[in-house]
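Spelled out from the first residue to the last, the chains are:
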Amino acid sequence: MSLPHRIAGNLALDFANTISRRGTDREVDHLATAADILAWSRQTGLIDDDFALRSADHKGLVKDVLTLRAAVSDAGSAIAHGGEPPAAALDTIRTYAAEALRTGALAGSPVSLHFRGANRITGAIAWAALDLLRGDELSRLKQCPPEDCRWLFIDRTKNGSRRWCDMNSCGNRAKKHSHRRMPD
């Protein structure tokens with residue numbers, strides 16, 4: 001299975017965007033298995049080729065990843081539509097960030113934080129979500145409008161005019177649909 005393009009401008013949002021054609025009969029969950037999660041995590045640089053996770057921990061990783069992804073998606077979607085992120089979503093993100101910090105290692109000057117085990121994935125994502133939630137780009141968080149997409153992204157255009165997750169997919173599709181509906 002091919003992994004989705006990373007278009008969001010934030011690790012946590014790219015993580016939330018790992019479901020394609022959401023809500024359709026062609027929906028694809030790119031993180032359905034531990035192998036998928038590890039492949040995506042390698043692609044994003046969260047882990048390297050030497051990272052190993054005991055097979056006994058695979059089921060827990062999938063459960064944690066799906067729980068965290070739902071929380072990031074729920075929080076991002078609410079914010080993109082001008083609302084407050086759900087308290088349950090924030091609690092979930094905080095829980096994963098706190099666990100990663102509790103078991104992480106601090107080293108160096110300036111201090112760097114190193115997560116261990118599966119927290120190299122879930123902890124890094126939770127902290128990326130927290131950085132976004134308390135950062136100055138939050139007002140630029142948007143959600144792609146097509147019902148079968150709903151990907152989240154940071155609009156970094158000067159005038160804040162980005163509408164779609166990716167012009168080459170959703171943007172072109174929306175323009176074609178609009179063009180077909182135009183009267184002759």
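Everything here concerns the structure above.
Rules used in this analysis
- Residues numbered from 1 in each chain as written.
- Predicted model: local features only at pLDDT ≥ 70, side-chain atom pairs only at ≥ 80, totals over all residues.
- Heavy atoms only, no water.
- Helix = DSSP H or I, 4+ residues; strand = E, 2+ residues; numbered from the N terminus.
- Phe/Tyr/Trp six-rings, centres within 6.5 Å; stacked < 30°, edge-to-face > 60°.
- Buried < 20%, exposed > 50% of the residue type's maximum accessible area, 1.4 Å probe, protein only.
- Core = buried A, V, L, I, M, F, W, Y, C linked by side-chain atoms within 4.5 Å.
- Contact = heavy atoms within 4.5 Å.
- Expected span 1.5 Å × (residues − 1).
- Axes fitted to C-alpha atoms, helices over the stretch in contact; angles between N-to-C directions.
- Parallel < 35°, antiparallel > 145°, perpendicular 65-115°, else oblique.
- Left-handed = near helix turned anticlockwise from the far one by under 90°.
- Nonpolar A, V, L, I, M, F, W, Y, C, P; charged D, E, K, R; others polar.

Enquirer: Can you help me understand unusual backbone geometry in this one?
Expert: Excluding glycine, a negative phi dihedral is what most residues carry, and trans is how most peptide bonds are arranged. Of note, the bond from serine 109 into proline 110 is cis; its omega dihedral lies within 30 degrees of zero at 0 degrees. Looking at the secondary structure, you find proline 110 in the loop between β3 (105-107) and β4 (112-114). The backbone phi angle of arginine 21 is positive, close to 55 degrees, even though this residue is not glycine. Within the secondary structure, arginine 21 sits in the loop between β1 (19-20) and β2 (28-29).

Enquirer: When you look at the packing of aromatic side chains in this model, what are you seeing that I'm missing?
Expert: Each aromatic ring pair is characterised by the separation of its centres together with the angle its planes make. Under the counting rule described, the total for this entry stands at 1 aromatic pair. Centroid distance phenylalanine 15 to tryptophan 40: 5.7 Å. Interplanar angle 45 degrees. Geometry classified as tilted. One end of the pair, phenylalanine 15, is in helix α1 (residues 11-16); the other, tryptophan 40, is in helix α2 (residues 34-44), and 25 residues separate them in sequence. Residue tryptophan 40 is classed as buried on the basis of its relative accessible area, which comes to 1%.

Enquirer: Would you mind showing me how to read the nonpolar core here?
Expert: One recurring pattern in soluble globular proteins is that nonpolar side chains are buried together. If you look at the biggest cluster of nonpolar residues, it comprises 46 residues, and the most contacted ones within it are Leu61, Leu68, Ile93, Ile121, Ile125 and Cys165. When residues of this core are assigned to their parent elements, the largest contribution, 8 residues, is made by helix α3 (residues 58-80). The contact partners of isoleucine 125, leaving out residues within four places of it in the chain, are Leu11, Ala12, Phe15, Trp40, Leu46 and Leu68.

Enquirer: Please explain the environment of alanine 128 as it appears in this structure.
Expert: Positionally, alanine 128 belongs in helix α5 (residues 119-133). Given a relative accessible area of 12%, alanine 128 falls into the buried group. Along the backbone, alanine 128 and leucine 3 are 125 residues apart, and their C-alpha atoms lie at a distance of 20 Å. Those residues in contact with alanine 128 that lie beyond four places of it in its chain are Asn10, Leu11 and Ala12.

Enquirer: Explanation requested: α5 in the structure shown.
Expert: Since the α-helix advances by 3.6 residues per turn, residues separated by three or four positions end up pointing in the same direction. With 15 residues, α5 extends 19 Å from end C-alpha to end C-alpha; this agrees with the ideal 21 Å at 1.5 Å per step. Residues Asn119, Ile121, Thr122, Gly123, Ala124, Ile125, Ala126, Ala128, Ala129 and Leu132 constitute the buried set of α5. In this fold, the buried residues of α5 make contact with α1, α2, α3, α4 (87-103), β5 (141-143) and β6 (152-154).

Enquirer: Explanation requested: the packing of α3 against α4 in the structure shown.
Expert: Angle between the axes and distance between the axes are the two parameters that describe a pair of packed helices. Contact geometry for α3 and α4: axes closest at 8 Å, N-to-C directions at 135 degrees. The angle between α3 and α4 falls in the class oblique. In the crossing of α3 with α4, the sense of the turn from one axis to the other is left-handed. In this structure, α3 contributes Asp64, Thr67, Leu68, Ala71, Val72, Asp74 and Ala75 to the contact, and α4 contributes Ala89, Thr92, Ile93 and Tyr96. Class assignment for the residues of the contact of α3 with α4 results in 7 nonpolar, 2 polar and 2 charged.

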